[in-house]
Amino acid sequence: MTTSRFPSRVRIVEVGPRDGLQNEKQVVPADVKVELIRRLADAGLQTIEATSFVSPKWVPQMGDNTEVLTRVLAQPAPGVDYPVLTPNLKGFEAALAAGAKEVAVFGAASESFSQKNINCSIAESLTRFRPVTEAARAAGVKVRGYISCVVGCPYEGAVPPHKVAEVAATLLEMGCYEISLGDTIGTGNPASVRRMLEAVAKVVPVQQLAGHYHDTYGMAAANVAASLELGVAVFDASVGGLGGCPYAAGASGNVATEDLVWLLHGMGIATGIDLDRLVDTAAWISAQLGREPASRVARAVLAKRAQAACAN
Ligand code: HMG
Ligand code: MG
């Protein structure tokens, strides 16, 4: 197989500091978050989701959002964007006050998940997002739109592709520049992800779609490969495979950034990311959290390095 049918370059949106750390049992200190974001930029990541402006009662792990974003934006790496999640106008205003230049609204294709995650129906959520997108446009802030449960829901099971397409079309019409499609619980496979993408691509240009695949059942890389075949060229990933979702029991992290980079570089697809530095970062944040990196690629690279060190 040649690589000619795949995009020649992929943009990776690093979500570890948000999607990863929001799910840690311990609240990770702001110093560690800021240092993680700095190391990710050093490794070549150009979009790093820094935090979320959600209720600290719901997600205490992100309660230091203003401190983290303010500190990161005080010394931004050149050419790097630091988007943040904003579920409503209150979150948007706090993010804007902290200097955010890009935000993301996040809805779902499943009613039950929408209720559990953001305490409202899908229709209510879209009504809440509209003033956020309007305020963002007035302030010159870019807005990304997330949809959770694009193939499976922890409460409702399989999610029909047309539900995803409906929400995606509304987010696009509101002004979201990109729609990130979340396989929140990682139950997708290349066939179901393909069916979902084909439905969504009828209403949103594929250039404006991103894959956000959690790796709970080890299918994330396969789902990325299926998405590449359809022309998707933006993927969300989490260094060290950190994360999960606080409102989806058992969900594990996103595809590990280093697994994704390994896959893409192996296929001849450029990312601009230095894999060695990324693995160092995966090892560093995992050590901060008191564990080994979860990703296969980080473990393989670190084992190879240890072997080479012994041989010398
Ligand atoms: P609510 O309780 O319905 O909100 O929460 P409310 O408007 O009724 O307000 C209740 C209280 O919350 C009030 O405070 C508000 O001021 C406060 P009180 O008067 O009781 O002291 N409040 C806020 N505080 C700080 N920041 C805010 C904010 N809004 C209200 N922005 C809300 C609704 C959406 C806020 C809540 O449900 C929430 O914060 N949910 C967070 C859910 C979350 O962060 N989930 C994880 C991220 S999504 C995800 O991981 C999926 C994704 O990765 C894609 C995928 O994998 O599928 C993106
Ligand atoms: Mg997620």
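Look up: the structure comes first, before these words.
The shown structure was predicted, so the numbers you read here are calculated from the model rather than taken from an experiment.

Draft legend 1. Up close: the overall build of the chain. The number of helices and strands found in the chain is 12 helices and 11 strands. A compact globule built from 312 residues would reach a C-alpha radius of gyration of about 20 Å, and the chain, at 18 Å, matches this within 12%. With the principal axes as the frame, the chain shows a C-alpha extent of 60 × 45 × 35 Å. Among the 312 residues that make up the chain, the fraction classed as buried is 54%. Working note: accessible area of the chain is about 12800 Å², and carbon and sulfur atoms make up 54% of it. For the chain, the distance from the average site of its 28 positive side-chain charges to the average site of its 30 negative ones is 1 Å.

Draft legend 2. Layout of the packing of helix α6 (residues 122-139) against helix α7 (residues 161-174). The interhelical angle for the contact between α6 and α7, taken along N-to-C directions, is 25°, at an axis separation of 9 Å. It follows that α6 is roughly parallel to α7 by the angle criterion. Both α6 and α7 take part in a crossing whose hand is right-handed. Here Ile122, Leu126, Phe129, Arg130, Thr133 and Arg137 of α6 lie close against α7, whose contacting residues are Lys163, Val167, Thr170, Leu171, Glu173 and Met174.

Draft legend 3. Focus on the nonpolar core. Within the largest apolar cluster, 99 residues are counted, with the highest numbers of intra-cluster contacts made by Ile147 and Leu181. At seven residues, the largest contribution of residues to this core is made by helix α2 (residues 30-42).

Draft legend 4. Layout of the environment of Gly145. Tracing the sequence through the fold places Gly145 in strand β6 (residues 142-148). Excluding residues within four positions of it along the chain, Gly145 makes contact with Val105, Leu171, Cys176, Glu178, Ile179 and Ser180.

Draft legend 5. Quick look at the site of ligand 1. The environment of ligand 1 is made up of 28 residues, and the closest members are Gln22, Asn117, Asn119, Ser148 and Thr184. A distance of 2.9 Å separates an oxygen atom of ligand 1 from a polar side-chain atom of Asp19. In isolation ligand 1 has 1100 Å² of accessible area, and contact with the protein removes 75% of it. Residue classes in the shell around ligand 1 are distributed as 12 nonpolar, 11 polar and five charged.

Draft legend 6. How the structure looks around the coordination of the magnesium ion (ligand 2). Surrounding the magnesium ion (ligand 2) are the protein donor atoms Asp19 (OD), His212 (NE2) and His214 (NE2), which sit 2.1 to 2.3 Å from the metal. All donor residues of the magnesium ion (ligand 2) come from one chain, and their arrangement in sequence is D-x192-H-x1-H. Pair noted here: Asp19 is in helix α1 (residues 16-20) and His214 is in the loop between β10 (209-213) and α9 (220-229), with a separation of 195 residues, a long-range link. Comparing Asp19 with His214 shows no difference in burial state: the two are buried.

Draft legend 7. Quick look at the pairing of strand β5 (residues 102-108). Of all seven residues that make up β5, seven are buried, and the element is covered over most of its length. Of the two faces of β5, the one lined by Glu102, Ala104, Phe106 and Ala108 and the one lined by Val103, Val105 and Gly107 are each fully buried. The pairing of strand β4 (residues 84-85) with β5 spans two bridges and is classified as parallel. Directly across from Leu85, in β5, lies its bridge partner Ala104. For the segment spanning β4, helix α4 (residues 89-97) and β5, crossover handedness is right-handed.

Draft legend 8. A look at the side chain of Asn65. Note that Asn65 resides in helix α3 (residues 65-74). With relative accessibility at 11%, the residue Asn65 sits in the buried group. Non-local contacts of Asn65, meaning those with residues more than four positions away in its chain, are made with Thr51, Ser52, Phe53 and Val54.

Draft legend 9. Main features of the packing of aromatic side chains. All chains considered together, the criterion is met by one aromatic pair. Consider the rings of Tyr213 and Phe235, whose centres lie 6.4 Å apart with planes at 55°: the pair is tilted. Taken together, the residues span a long stretch of sequence, with Tyr213 in strand β10 and Phe235 in strand β11 (residues 234-237) at a distance of 22 residues. The ring of Tyr146 has Arg18 lying over it, and the distance from NZ or CZ to the ring centre is 5.6 Å. In this structure, Lys142 packs its charged tip against the face of Tyr177, placed 4.3 Å from the ring centre.

Draft legend 10. Representation of α2 in the model. A rise of 1.5 Å per residue sets the reference length of α2, with its 13 residues, at 18 Å; its end C-alpha atoms lie 18 Å apart and thus fit the reference within 8%. The inward-facing, buried residues of α2 abut β1 (11-14), α1, β2 (47-48), α3 and α11 (275-288).

Draft legend 11. The environment of Arg296, seen in detail. In this fold, Arg296 is placed in helix α12 (residues 296-311). For Arg296, a relative accessible area of 65% corresponds to the exposed category. Distance from Arg296 to Val279, taken between C-alpha atoms, is 11 Å for residues 17 residues apart in sequence.

Draft legend 12. Looking closely at the pairing of strand β9 (residues 178-183). Counting buried residues along β9, six of its six residues qualify, which places the element largely inside the surrounding structure. Of the two faces of β9, both are covered, the one formed by Glu178, Ser180 and Gly182 as well as the one formed by Ile179, Leu181 and Asp183. Pairing of β6 with β9 involves four bridges; the strand directions are parallel. The partner of Arg144 across the bridge, within β9, is Glu178. Two strands pair when backbone bridges link them, and β9 and β10 are joined in this way by five bridges, in the parallel orientation. Bridge pairing in β10 links Ser180 to Ala210. Once you follow β9 into helix α8 (residues 190-201) and on to β10, the crossover reads as right-handed.

Conventions adopted
- Residues numbered from 1 in each chain as written.
- Chains lettered and ligands numbered in written order.
- Predicted model: local features only at pLDDT ≥ 70, side-chain atom pairs only at ≥ 80, totals over all residues.
- Heavy atoms only, no water.
- Helix = DSSP H or I, 4+ residues; strand = E, 2+ residues; numbered from the N terminus.
- Rg over C-alpha atoms; globule rule 2.2 N^0.38 Å.
- Buried < 20%, exposed > 50% of the residue type's maximum accessible area, 1.4 Å probe, protein only.
- Areas by Shrake-Rupley, 256 points an atom, 1.4 Å probe, with all protein chains shown as cover.
- Lys, Arg positive; Asp, Glu negative; His and termini not counted.
- Charge placed at Lys NZ, Arg CZ, Asp CG, Glu CD.
- Axes fitted to C-alpha atoms, helices over the stretch in contact; angles between N-to-C directions.
- Parallel < 35°, antiparallel > 145°, perpendicular 65-115°, else oblique.
- Left-handed = near helix turned anticlockwise from the far one by under 90°.
- Contact = heavy atoms within 4.5 Å.
- Core = buried A, V, L, I, M, F, W, Y, C linked by side-chain atoms within 4.5 Å.
- Near = heavy atom within 4 Å.
- Polar contact = N/O pair within 3.5 Å; in protein donor to acceptor, adjacent residues only side chain to side chain.
- Nonpolar A, V, L, I, M, F, W, Y, C, P; charged D, E, K, R; others polar.
- Donors = N, O, S within 2.8 Å, 3.2 Å for Na, K, Ca; no water.
- Pairing = 2+ DSSP bridges.
- Right-handed = clockwise from strand over helix to strand, strands pointing away.
- Phe/Tyr/Trp six-rings, centres within 6.5 Å; stacked < 30°, edge-to-face > 60°.
- Lys NZ or Arg CZ within 6 Å of the ring centre and 35° of its normal.
- Expected span 1.5 Å × (residues − 1).

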